[in-house]
Amino acid sequence: MAKCTVNLPEDYQKMLSTLSSNMDEIVEKALKAGAEVMKAQIKGNLESVIGDSPRSTGQLVSSLGISPMMVDNSGVSNVKVGFNEPRTDGDSNAKVANILEYGSSAMAARPFLKPAKTAGKTACLKAIEDTLEEEIGKL
């Protein structure tokens, strides 16, 4: 049986070792960069949907944020863009956002999340890719 040994250059081995030890930090930076793009897209859409409505308190827009990075049971890292709770009026931001997105018996739907997802997807992925390349390039 034939045997083959391949030795990687020392610089390459060092880079892979550094990458391995810094991977969580690099992934977190990349995911947050993508989340910032989506947050901006959602905020812009939300502000245009709400417009100058006299019923708007500004709480939904100001509660928009990004969660800390979490790793699920499968080892997949993720961050979420969403609304913090609670509101000062006792209502739920999730409920208000849902009514805006899908409408109710008293109000027509004014979608802002789905269009933001569609419009921001490419830019979000580009921000993640650019951040990964930049951080790996620093090694």
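All residue numbers refer to position in the chain's written sequence, counted from 1. Where totals are concerned, whole chains, interfaces and linings use all residues; where local detail is concerned, this predicted model gives features only for residues with pLDDT of at least 70, and gives and counts side-chain atom pairs only at 80 or more. Side-chain figures throughout are based on the complete set of non-hydrogen atoms in the structure, without hydrogens or water.

A. A look at the overall build of the protein. For the purposes of this entry, the term helix denotes a DSSP run of H or I that reaches at least four residues, the term strand denotes a run of E that reaches at least two, and both are numbered from the N terminus. A tally of helices and strands in the protein yields 4 helices and 4 strands. When its helices and strands are written in sequence order, the protein yields α-α-β-β-β-β-α-α. Radius of gyration here is computed from C-alpha atoms only, and the compact-globule reference equals 2.2 Å multiplied by the residue count raised to the power 0.38. Taken over C-alpha atoms, the radius of gyration comes to 21 Å for the protein, far larger than the 14 Å a tight globule of 139 residues would show. Partly exposed describes any residue whose relative accessible area lies between the buried limit of under 20% and the exposed limit of over 50%, with all areas from a 1.4 Å probe on protein chains only and scaled to the type maximum. Expressed as a percentage of its 139 residues, the buried residues of the protein come to 25%. Residue contacts are counted whenever heavy atoms from the two residues lie within 4.5 Å of one another. For the protein, the proportion of contacts with a sequence separation of at least 24, taken over those separated by at least 6, is 57%.

B. How the structure looks around unusual backbone geometry. Going from E85 to P86, the amide bond is cis rather than trans, its omega being -10°. Along the chain, P86 falls in the loop between β4 (81-83) and α3 (93-102).

C. Looking closely at the packing of aromatic side chains. Any pair of Phe, Tyr and Trp rings, taking the six-membered ring for Trp, is counted once the centres come within 6.5 Å. Such a pair is stacked with planes under 30 degrees apart, edge-to-face with planes over 60 apart, and tilted for the rest. Summed over all chains, the structure comprises 1 aromatic pair. Relative to F112, the ring of F83 lies with its centre 6.3 Å away and its plane at 70°, an arrangement referred to as edge-to-face. One end of the pair, F83, is in strand β4; the other, F112, is in the loop between α3 and α4 (113-137), with 29 residues separating them in the sequence. Neither residue differs from the other here; F83 and F112 are each classed as buried.

Everything listed here is a matter of geometry and, on its own, says nothing about what the molecule does.
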